[in-house]
Amino acid sequence: MILDESSIPIVLAPMAGGPSTPELTAAVSAAGGLGLLAAGYLTVADTAARLAATRELTTAPIGVNLFTPGPAAPPEGFADYLAELGRTHELGTPKYDTDDWDAKLDLLVDTPVSVVTFTFGCPSAAEISRLHAAGSEVWVTVTSVAEGRIAVEAGADVLIAQGAEAGGHRAAFVDRVADDATDPLGLLALLQLLNAAVERPIVATGGITTGAGIAAALAAGASAVQLGTVFLRCPEAGTNAMHRAALSTATPTMLTRAFTGRRARGLRNRFMDEHTATAPAAYPEIHYATAPLRAAARAAGNPEEVNMWAGQTHELAPELPAGDLIRQLAADAKTALTTALSGRIQSC
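What you are looking at is a predicted structure, and each value in this text was computed from that prediction instead of being measured.

1. A few points about helix α4 (residues 79-86)
Buried residues of α4: Y81, L82, E84 and L85, and no others. The buried residues of α4 occupy an angular sector of 155° when projected down its axis, which confines them to one face. On the buried face of α4, the contacting elements are α11 (270-275) and α12 (285-289).

2. Points about the pairing of strand β3 (residues 62-67)
Within β3, 6 of the 6 residues are buried, which leaves the element mostly enclosed by the surrounding structure. Covered by surrounding structure in β3 are I62, V64 and L66 together with G63, N65 and F67, the residues of both alternating faces. With 4 bridges connecting them, strand β2 (residues 35-38) and β3 associate as parallel partners. Note on β3: the bridge partner recorded for L36 is G63.

3. What to know about the packing of helix α7 (residues 145-154) against helix α8 (residues 187-197)
With their axes 10 Å apart at the nearest point, α7 and α8 run at an angle of 40° to one another. Compared by their axis directions, α7 and α8 come out oblique. Handedness of the α7/α8 crossing: right-handed. Every residue of α8 that contacts α7 at V145, G148 and R149 is listed here: L190, L193, L194 and A197. Of the residues that constitute the contact of α7 with α8, the class distribution is 5 nonpolar, 1 polar and 1 charged.

4. Quick word on empty space enclosed by the protein
Counting across every chain of the model gives 1 cavity of 30 Å³ or more. Taken together, I2, L3, S6, I8, P9, I10, V11, G33, L34, W139 and A224 make up the lining of the largest cavity. For the lining of the largest cavity, the secondary structure elements donating two or more residues are α1 (2-5) and β1 (10-12). The residue inventory of the lining of the largest cavity, partitioned by class, reads 9 nonpolar, 2 polar and no charged.

5. Comments concerning the environment of T339
Relative to the elements of secondary structure, T339 occurs in helix α14 (residues 322-343). Engagement of the side chain of T339 in a polar contact is seen with the backbone oxygen of T335, the distance being 2.9 Å.

6. Topic: the sheet that holds β3
One open sheet holds the 8 strands; their spatial order is β1-β9-β8-β6-β5-β4-β3-β2, and the pairing between them is parallel. Looking at the sheet topology across the chains shown, the edges are occupied by β1 and β2. In this sheet, neighbouring strand axes are inclined to one another by 30° on average, regardless of whether the strands run parallel or antiparallel. Of the strands in this sheet, β2 and β3 touch helix α3 (residues 44-57), which is tilted by about 165° from β3.

Basis of the calculations
Residue positions are given per chain, counted from 1 along the sequence in the order it is written. Only residues with pLDDT of 70 or above have their local features reported here, since the model is predicted, and side-chain atom pairs are shown and tallied only from 80 upward, although totals for entire chains, interfaces and linings are computed over all residues. As a convention, hydrogens and water are excluded, and side-chain values are obtained from all of the structure's heavy atoms. To sort residues, take the accessible area from a 1.4 Å probe on protein chains only and compare it with the maximum for the residue type: under 20% means buried, over 50% means exposed, and anything in between is partly exposed. The helix and strand labels rest on DSSP assignments: H or I over at least four residues marks a helix, E over at least two residues marks a strand, and numbering proceeds from the N terminus. Here the arc refers to the set of directions running from the helix axis out to each C-beta atom. The criterion used for residue contact is that any of the two residues' heavy atoms lie within 4.5 Å. Paired strands, in this sense, are two strands between which DSSP finds at least two bridges. For helices, the fitted line uses only the C-alpha atoms of the stretch in contact; every axis is such a line through C-alpha atoms, and the angle between N-to-C directions lies from 0 to 180 degrees. Here is the rule for angles: anything less than 35 degrees is roughly parallel, anything more than 145 is roughly antiparallel, 65 through 115 is roughly perpendicular, and the remaining ranges are oblique. Crossing chirality is assigned from the near helix's rotation relative to the far helix, an anticlockwise turn below a right angle marking it left-handed and a clockwise turn marking it right-handed. Three classes are used, and their members are as follows: Ala, Val, Leu, Ile, Met, Phe, Trp, Tyr, Cys and Pro are nonpolar, Asp, Glu, Lys and Arg are charged, and the others, Gly among them, are polar. Every definition here rests on a 1 Å grid over the protein atoms only: cavities are sets of points where a 1.4 Å probe fits but cannot get out, pockets are open sets enclosed by protein on both sides within 12 Å along at least five of seven lines, and lining residues have some atom within 4 Å of a point. Grid points are joined across faces, edges and corners, and a volume is the space filled by probe spheres set on the points. Polar contact is the term for a pair of N or O atoms within 3.5 Å; when the atoms are in protein, one must be able to donate a hydrogen and the other to accept it, and sequence-neighboring residues count only if both atoms are side-chain atoms.

Written out as structure tokens, the structure is:
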């Protein structure tokens, strides 16, 4: 297992849409963690180019993340929402695609990496077998015990447990407005439930930006942690300047479908406040439709009309090179674990 070979139990979250770069992926792996390269939103040609660039930068193990495609949303389900947005914003054309799913799987079978991770669903047993035959481990991101059992049944080697605190898109296999009345599980609750229900190594993700947070996840049964927001201010990340600056503020986060049609956590702004209540579950259709308005907001430096994904502890993210950050987090986690054992638990 790659988790047994890594010297530091830190995995770079695959932050698609800009922050993920070959430089960031390589820096995390070279420092002893596991760097994941985000393939979401990329063509298979772009994915291959970024994978080659990452391999030029490090010989350490790396991974790639894919978006598992879901069903298309019926146009009548999001027409009213687009009409609402169209009264005040320029929109693009809503469309459905599979994010080059088949071609990307073929690429990773032909040029395998150490780990392939999946978000938004679980690949089939046959698809997992193809990746296993190529020599790759398969990790599936889950948000519930039910999803964890599906992934284990399909042959997943590792589960990535995504708590509600996590920034970016919720990895739930099915995204439905009707389910919003049920609180998503926080990371600590999810870890305990998964450990009791399935026998697989678990990587914990969601709201972890300090060594103490890493220590807590490891103590709760995680084999490693996956961190995203804490790396957004690293110089190797492709995070835009407006997003970088906003991360250091105490701006609260919230879950919304307003920008993409799939529930995601980001820094709260006016667009979220005005449109979250009416936003439908229609991904990637809404993602493509809102692309022009988001691009315009970024170009204008307007933080009120652009998605700035972030976890709940974003303001604790430092501005450090990725390698230095990995080493600092690892040292702080070790200190936190030692302190907890020596000073907080009395002998029976």
